[in-house]
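What follows is each chain in one-letter form.
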Amino acid sequence: MKETLCTEVSSGSYFADEFFMSAFGETVPEWGHHLVLFYRTKPDFFLPLSYVNFLEHKGVILVGGAVTAGKAFKHVDASHSAQIRAEGGAYFQLLKYGFKLFADRCDAFFGHAGDKRAYEVDLQAGFVPTAYEHLIVNFHKPTDSARKEVLIREIHAIGPF
């Protein structure tokens, strides 16, 4: 039996508001696609461990609001915690799930990584740095360099997201 499950949920706030508030000082946004990694503690009980938002925007997806519920890991037994880490961690699993789930809906995934730990996971999952501080991108489809530059400039103009 697999102990973790990545899935899209209709309400991110229902599952992640408490730990999102702890990290960002506000509630989960109402917009976008809400992805949650759950840990099954019992056959009928699922505990949210991590959250990330995928927002479709003009042919790309903005990935943001990533947070992991560190306190929730006290309910994860040691062997399963080690398994989650061996699989890249909770956030990594959500990124890979989202990249696969939304691959046909966008030309690229963009992130704004100001947190050092999250940035390291972002790079492991497939993001690469751009010329702009904190702005990262995952061009998962063949894209010519001129189009890449236009998209990067456009997303940079948005500012942090």
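Read on for an overview of the structure. None of the values given here were measured: they were computed from a predicted structure.

## Re helix α1 (residues 12–24)
Part 1: Taking 1.5 Å of rise per residue, 13 residues should cover 18 Å, yet α1 covers just 14 Å from first to last C-alpha, more than 12% shy of that figure.
Part 2: Where α1 bends most, at Glu-18, the angle is about 50 degrees.
Part 3: Inspection of α1 places Gly-12, Ala-16, Phe-19 and Phe-20 among the buried residues, and these make up the whole buried set.
Part 4: For α1, the elements touching its buried residues are β1 (4–9), β2 (33–42), β3 (45–57) and β4 (60–68).

## Examining the packing of aromatic side chains
The description of an aromatic ring pair uses the distance of the two centres, along with the angle that the planes make with each other.
Part 1: Under the defined criterion, the tally for this structure stands at ten aromatic pairs.
Part 2: Between Phe-99 and Phe-127, the aromatic rings sit 5.3 Å apart at their centres with planes inclined by 75 degrees, giving edge-to-face as the arrangement. In this pair, Phe-99 is assigned in helix α3 (residues 90–101) and Phe-127 in the loop between α4 (116–125) and β6 (128–129), connecting sequence segments 28 residues apart. Here Phe-99 matches Phe-127 in class, with each residue buried.
Part 3: For the pair Phe-110 and Phe-139, a centre-to-centre distance of 6.1 Å together with 80 degrees between the ring planes defines the contact as edge-to-face. Taken together, the residues Phe-110 in strand β5 (residues 109–112) and Phe-139 in the loop between β7 (135–138) and α5 (145–158) connect sequence positions 29 residues apart. Each member of the pair, Phe-110 as well as Phe-139, is classed as buried.
Part 4: Each residue in the set Phe-54, Phe-99, Phe-102, Phe-109 and Phe-127 is aromatic and connected to the rest through ring pairs, giving one cluster.

## Description of unusual backbone geometry
If a residue is not glycine, its phi is most likely negative; likewise, a peptide bond is most likely trans.
Part 1: Located in the positive-phi region is Lys-58, a residue other than glycine, with phi close to 50 degrees.
Part 2: Positive phi values are uncommon outside glycine, yet His-134 reaches one of about 75 degrees.
Part 3: Considering the arrangement of structural elements, one finds His-134 in the loop between β6 and β7.

## Considerations on the packing of α3 against α4
Part 1: Between α3 and α4, whose axes approach to 9 Å, the crossing angle comes to 40 degrees. In terms of orientation, α3 lies oblique with respect to α4. The two elements α3 and α4 cross, and the hand of that crossing is right-handed. Contacts from Tyr-91, Phe-92, Leu-95, Lys-96 and Phe-99 of α3 reach α4 at Ala-118, Val-121, Asp-122, Gln-124 and Ala-125.

What counts, and at which threshold
- Residues numbered from 1 in each chain as written.
- Predicted model: local features only at pLDDT ≥ 70, side-chain atom pairs only at ≥ 80, totals over all residues.
- Heavy atoms only, no water.
- Helix = DSSP H or I, 4+ residues; strand = E, 2+ residues; numbered from the N terminus.
- Expected span 1.5 Å × (residues − 1).
- Bend = angle between axes of the 7 residues up to and from the residue.
- Buried < 20%, exposed > 50% of the residue type's maximum accessible area, 1.4 Å probe, protein only.
- Contact = heavy atoms within 4.5 Å.
- Phe/Tyr/Trp six-rings, centres within 6.5 Å; stacked < 30°, edge-to-face > 60°.
- Axes fitted to C-alpha atoms, helices over the stretch in contact; angles between N-to-C directions.
- Parallel < 35°, antiparallel > 145°, perpendicular 65-115°, else oblique.
- Left-handed = near helix turned anticlockwise from the far one by under 90°.

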